[in-house]
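# Residue-level structural notes
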Amino acid sequence: MVLAGGVGGARFLRGLRAALDPATDRITAVVNTGDDLTIHGLRVCPDLDSVMYTLGGGIDEERGWGRAGETWTTQTELAGYGAEPDWFSLGDRDLATHLVRTRMLDAGFSLSDVTAALCARWQPGVELLPMTDQRVETHVLVDLDAGSRAIHFQEWWVRYRAQLPARAFVQVGVESSVPAPGVVQALAEADAILLAPSNPVVSIGTILGVPGLRDAVATAPAPIVGLSPIVGGAPVRGMADRCLPVIGVPTTAEGVGRHYAARTHGGLLDGWLVHTGDRADVPGVAVEAVPLLMTDDDRTRAMAQAALELARRCRDA
Ligand code: FO1
C-alpha cells in the first residue's frame, strides 16, 4: 500500500513493483488528485496520469509527465485561437486520455471507474486508486496584483514556477470528500504502508487531508514507513522547498520526518528512510539512511526493498 503523488511517486512505484513478486504480492497506490484541473473543457489528473503512464510504459521519462513521443499540434492550434490558458501544455497523445476521462465522467462514471478503465489499456501492474472520487482541488493563496488571491495549484506550479510567495494551500472541496472505494479497506488489509517520496505538503498532505483517510492510515495494523523526498536539504525533484516553509516545516529529512511524526506520538510513522549522509532524529521513529536517489531502476528497486525491510523490522520490533 503506497500513498503517492505524481512524478516521484510514479518512479518509486516502478521500483517497488520491481522489488516484489507479482505472483504473490499486490500493490495498491492511493494517488493524490488535488492537482487535478479542468482545462479547455477536459478533466486532467496529472498525478494519476504520471503514475499510470510511468507504470504502463508510456511516460516521457525526461519530463516525468505526459506521453513519450508526444506532439503538440493541438496545443499550437489552441494558441492560434488565443485559447486561454496557454501556460499548461496538453500533448496530442495525452489529450486522448483527457477526452476519454471527461466523456466517462460526464456519463456519470466515478473517477475510480475512469481510472480502472484507463488502466485496462496501460496495465500498470499496480492498483491505482484516486484518494477520493469527489472533486478536490489544491489552490494557493498568493500575493498578486497588490492583493491576496487564490489561484489553482497548477497555475502557481506551472505558470509561476512556484516563485510567487505562497501564504497557504487550500484543498477546495476536501471537507465534503470521502476516501474512494477500496481505499480504507486496502489500508486495513495492507502488510505494509509506504509514504512515497512525494511532496509532503501538496501530495501526501493532500491525500491525508481527505476526511477519514489519515485515521485509516494511523490505525492500520501494518507498519508505516516513509521515504524522505528531501535529500541534502533540498528536494530531489519538484519544488517541495517552496511548499514546506508555508506550513512551517524545515526543508530537511528530519523536518519532514518530524512533520509526519511517530505513530506512537499521534503521527503516522513507524520508520523513516533518509538519504545516505543525511541525519534525522525523529522521536519514536526508527530512522535508517540508504541511497534515496532514483537515478535508475536498480537504485529505485533497492530503496523500495529497504523500505519493505524497515517495515518488517518495525512490525517485528
Ligand atoms: N508541467 C509543466 O511544468 N508544464 C506543463 O505544461 C504541464 C502540463 C501537464 C499536462 C498534463 C499533465 O498530466 C501534467 C502536466 N504538467 C505540466 C505536470 C504537472 O504540473 C505536475 O505533474 C504535477 O501536477 C505536479 O505534481
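Residues numbered from 1 in each chain as written. Predicted model: local features only at pLDDT ≥ 70, side-chain atom pairs only at ≥ 80, totals over all residues. Heavy atoms only, no water.

Another aspect to go through is the nonpolar core. As a rule of thumb, soluble globular proteins bury nonpolar side chains together. Membership of the largest hydrophobic core comes to 63 residues, with the highest contact counts inside it found for Leu-3, Trp-156, Leu-187, Ile-193, Leu-213, Val-217 and Trp-272. If you tally residues by element for this core, the top one is helix H6 (residues 153–159), at four residues. In this structure Leu-187 touches Met-1, Leu-3, Ile-193, Leu-213, Ala-216, Val-217 and Ala-220, once residues within four positions along its chain are discounted. Counting residues in hydrophobic clusters, the runner-up holds 43 residues, among them Ala-29, Cys-45, Val-114 and Leu-310. (Core = buried A, V, L, I, M, F, W, Y, C linked by side-chain atoms within 4.5 Å. Buried < 20%, exposed > 50% of the residue type's maximum accessible area, 1.4 Å probe, protein only. Helix = DSSP H or I, 4+ residues; strand = E, 2+ residues; numbered from the N terminus. Contact = heavy atoms within 4.5 Å.)

Before going further, it helps to examine the side chain of Thr-97. Here Thr-97 lies in helix H4 (residues 92–106). Look at Thr-97 and you get buried, because its relative accessible area is 5%. Once residues lying within four places of it in the same chain are set aside, the contact partners of Thr-97 are Asp-49, Met-52, Tyr-53 and Leu-118.

Turning our attention to the packing of H4 against helix H5 (residues 111–122). Taken N-terminus to C-terminus, the directions of H4 and H5 make an angle of 140 degrees; their axes are 9 Å apart at the nearest point. Classed by the angle they form, the pair H4 and H5 counts as oblique. Considering only the axes of H4 and H5, their crossing is right-handed. Within the contact between the two elements, H4 uses Thr-97, Val-100, Arg-101, Met-104 and Leu-105 and H5 uses Leu-111, Asp-113, Val-114, Ala-117 and Leu-118. A per-class count over the contact of H4 with H5 returns seven nonpolar, one polar and two charged. (Axes fitted to C-alpha atoms, helices over the stretch in contact; angles between N-to-C directions. Parallel < 35°, antiparallel > 145°, perpendicular 65-115°, else oblique. Left-handed = near helix turned anticlockwise from the far one by under 90°. Nonpolar A, V, L, I, M, F, W, Y, C, P; charged D, E, K, R; others polar.)

Glancing now at the domain arrangement of the chain. Per the domain assignment, the segments of the chain are domain 1 (35–130), domain 2 (137–176) and domain 3 (183–316). Relative placement of domain 2 and domain 3: their C-alpha centres are 25 Å apart. Listed as interface residues are 14 residues of domain 2 and, on the opposing side, twelve residues of domain 3. Contact with domain 3 buries area across many residues of domain 2, yet Trp-157, Phe-169 and Val-174 alone supply 46% of it, more than any other trio. Taken together, the connections running from domain 2 to domain 3 amount to zero salt bridges. In this assembly, domain 2 and domain 3 are joined by three residue pairs in polar contact (both at pLDDT 80 or more). (Domains from an automatic or database assignment. Buried area = accessible area lost by both parts, 1.4 Å probe. Salt bridge = Lys/Arg side-chain N within 4 Å of Asp/Glu carboxyl O. Polar contact = N/O pair within 3.5 Å; in protein donor to acceptor, adjacent residues only side chain to side chain.)

Looking at where Thr-138 falls in the secondary structure, it is placed in strand E6 (residues 137–144). When the C-alpha atoms of Thr-138 and Gln-154 are compared, they prove to be 8.5 Å apart, with 16 residues separating the residues in sequence. The contact partners of Thr-138, leaving out residues within four places of it in the chain, are Gly-34, His-152, Phe-153, Phe-169, Val-170, Gln-171, Val-202 and Thr-206. A distance of 3.1 Å separates the side chain of Thr-138 from the side chain of Gln-171, its partner in a polar contact.

Our next topic: empty space enclosed by the protein. Counting across every chain of the model gives one cavity of 30 Å³ or more. Taken as a whole, the largest cavity spans an internal volume of roughly 40 Å³. Every residue along the wall of the largest cavity is listed here: Val-7, Ala-10, Arg-11, Arg-14, Thr-54, Ile-59, Asp-60, Glu-61 and Gly-64. It is helix H1 (residues 7–19) that contributes the most residues to the lining of the largest cavity, four residues altogether. Residue composition of the lining of the largest cavity, by class: three nonpolar, two polar and four charged. (1 Å grid on protein atoms, 1.4 Å probe; cavity = no way out; pocket = protein on both sides within 12 Å on 5 of 7 lines; lining within 4 Å. Points joined across faces, edges and corners; volume = space filled by probe spheres on them.)

Here we come to the state of the cysteines. Evaluation of the coordinates by the stated rule reveals zero disulfides. A disulfide-free cysteine, Cys-45 has its sulfur positioned 11 Å from the sulfur of Cys-119, the nearest such atom. Free cysteine: Cys-243, not disulfide-bonded; nearest cysteine sulfur from Cys-45 at 19 Å. (Disulfide = S-S within 2.5 Å.)

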